[in-house]
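Below, each chain spelled out in residue letters.
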Amino acid sequence: PVMRRLTPAPETQDSSPILLQAEFVNGTIPTRRPKIGDYKEPVGGLILAAIHEYECRIWTQDAFPSHDLTLQWAEEVWNHVGQEAGKEYELTRRMSSLITSRGTHARGFVKDKIRPLIQFAYNFEKTNNPSIITQNREKYDTLMNDSAFHYSDPSARTGFALHPIIKQAIKETWFQKKGSPGVLFTEHFNPITIPTLAIVFTTIEFCIQEWSSGMYVQGTLNEDRDKSRFHVFTGRLKDWDSLKPSVTLKIRKRLHDRSRRLTGVAMDSTTQASLNPATKSAALAELEERTGDTDSEDEHDEAVEASSTRGASSIE
């Protein structure tokens, strides 16, 4: 279904409305697994709107929330969409499960958007030629050496979080068109958050691992493994963000602004989960030379990104 958000209803004087009860299409509670279509409108639409806001929290706040946090989020987004619509319904356990079950879908959505970018972003080749397979393995080793894949130059490990695929992944995942999540829910994505960067890093790493043999072998997401890696990258990115917050905030805001601008929509008014001292020092030195203000900091990778986009389109 097309992602959308509700138009707020006019405000009323009643601050404590009586909660409405959702009605089932067939008049009784279905015995099978819950579905949005079980409910009469407007409840089905409200559940869908709540799901979209819930997924935004997965992408921008915590890709692997605890059970208690998922329940808290479900209640919060449900209250929000009900208030915006001016039709507040009781959130039952059954309805809540439709919202909280979307975490896996939200993470899979990111994987499906990023996977087609990997081959051309890192120059892997699909082949049976032994020498090229060896080259692919060597590229894989370089990229995976202490997660060097996100550097603009993975071999030299310079340009922390500046590989062109980072911007490209954000654009392709959340800013493809005017109705994309990053446009509809700008309050979640402006600026791009540390958890958003962490899920991008986690997913890129997973997709690179599909080339570990030198040949492409499609893998399957594993929640325990991916959760661990997500927390590792969250820790490292928080370290980076704290080195020079005024600059990193501008960088993250520009990641949002640039991606949104490309949609044509104008803006409204197992590894240590931290950077080691050497990496911190190098990243801080790079930030000292950057302001985070200007588009000129993008120019070095525009050609690479354009080439990768064309290549990715050819295999989708």
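Further up the page is the structure itself.
As a convention, each chain's residues are numbered from 1 in the sequence order in which they are written. For this predicted model, a pLDDT threshold of at least 70 governs which residues receive local features, and a threshold of 80 or more governs which side-chain atom pairs are given and counted, while totals over whole chains, interfaces and linings are taken from all residues. The side-chain quantities take in all heavy atoms of the structure and omit both hydrogens and water.

(A) How the structure looks around the packing of helix 1 (residues 43-60) against helix 3 (residues 93-100). Each axis is a line fitted through C-alpha atoms, taken for helices only over the stretch in contact, and angles between the N-to-C directions span 0 to 180 degrees. Only runs of H or I of at least four residues qualify as helices and only runs of E of at least two qualify as strands under DSSP, and these elements are numbered from the N terminus. Between helix 1 and helix 3, the least distance of the axes is 8 Å, while the angle of their chain directions is 40°. Between helix 1 and helix 3, the crossing angle belongs to the class labelled oblique. In this structure, helix 1 crosses over helix 3, and the sense of that crossing is right-handed. Residues V43, I47, A50, I51 and Y54 of helix 1 pack against M95, L98, I99 and T100 of helix 3. Amino acid classes used here: Ala, Val, Leu, Ile, Met, Phe, Trp, Tyr, Cys and Pro are nonpolar; Asp, Glu, Lys and Arg are charged; the rest, including Gly, are polar. For the contact of helix 1 with helix 3, the class distribution of residues is eight nonpolar, one polar and no charged. In this scheme, roughly parallel covers angles under 35 degrees and roughly antiparallel covers those over 145, while 65 to 115 is roughly perpendicular and the rest are oblique. For any helix crossing, the convention is left-handed if the near helix is rotated counterclockwise from the far helix by under a right angle, and right-handed if that rotation is clockwise. Residue contacts are counted whenever heavy atoms from the two residues lie within 4.5 Å of one another.

(B) Representation of the pattern of salt bridges in the model. Any carboxyl oxygen of Asp or Glu that lies within 4 Å of a side-chain nitrogen of Lys or Arg is treated as forming a salt bridge with it. With the rule as written, the count across this model stands at 15 salt bridges. Across the pair D38 and R32 runs a salt bridge whose closest N-O atoms are separated by 2.8 Å. The cut-offs for exposure are 20% and 50% of the maximum accessible area for each residue type, with area from a 1.4 Å probe on protein chains only; residues under the lower value are buried, those over the upper are exposed, and the others partly exposed. For D38, a relative accessible area of 3% corresponds to the buried category. A salt bridge links D146 to R236, with the shortest nitrogen-to-oxygen separation between them at 2.9 Å. Taken together, the residues D146 in the loop between helix 5 (130-144) and helix 6 (164-174) and R236 in helix 10 (residues 223-243) connect sequence positions 90 residues apart. Classification of D146 as partly exposed rests on a relative accessible area of 30%. For R236, a relative accessible area of 8% translates into the label buried. When salt bridges that share partners are traced, they join R32, D38 and R94 into one network.

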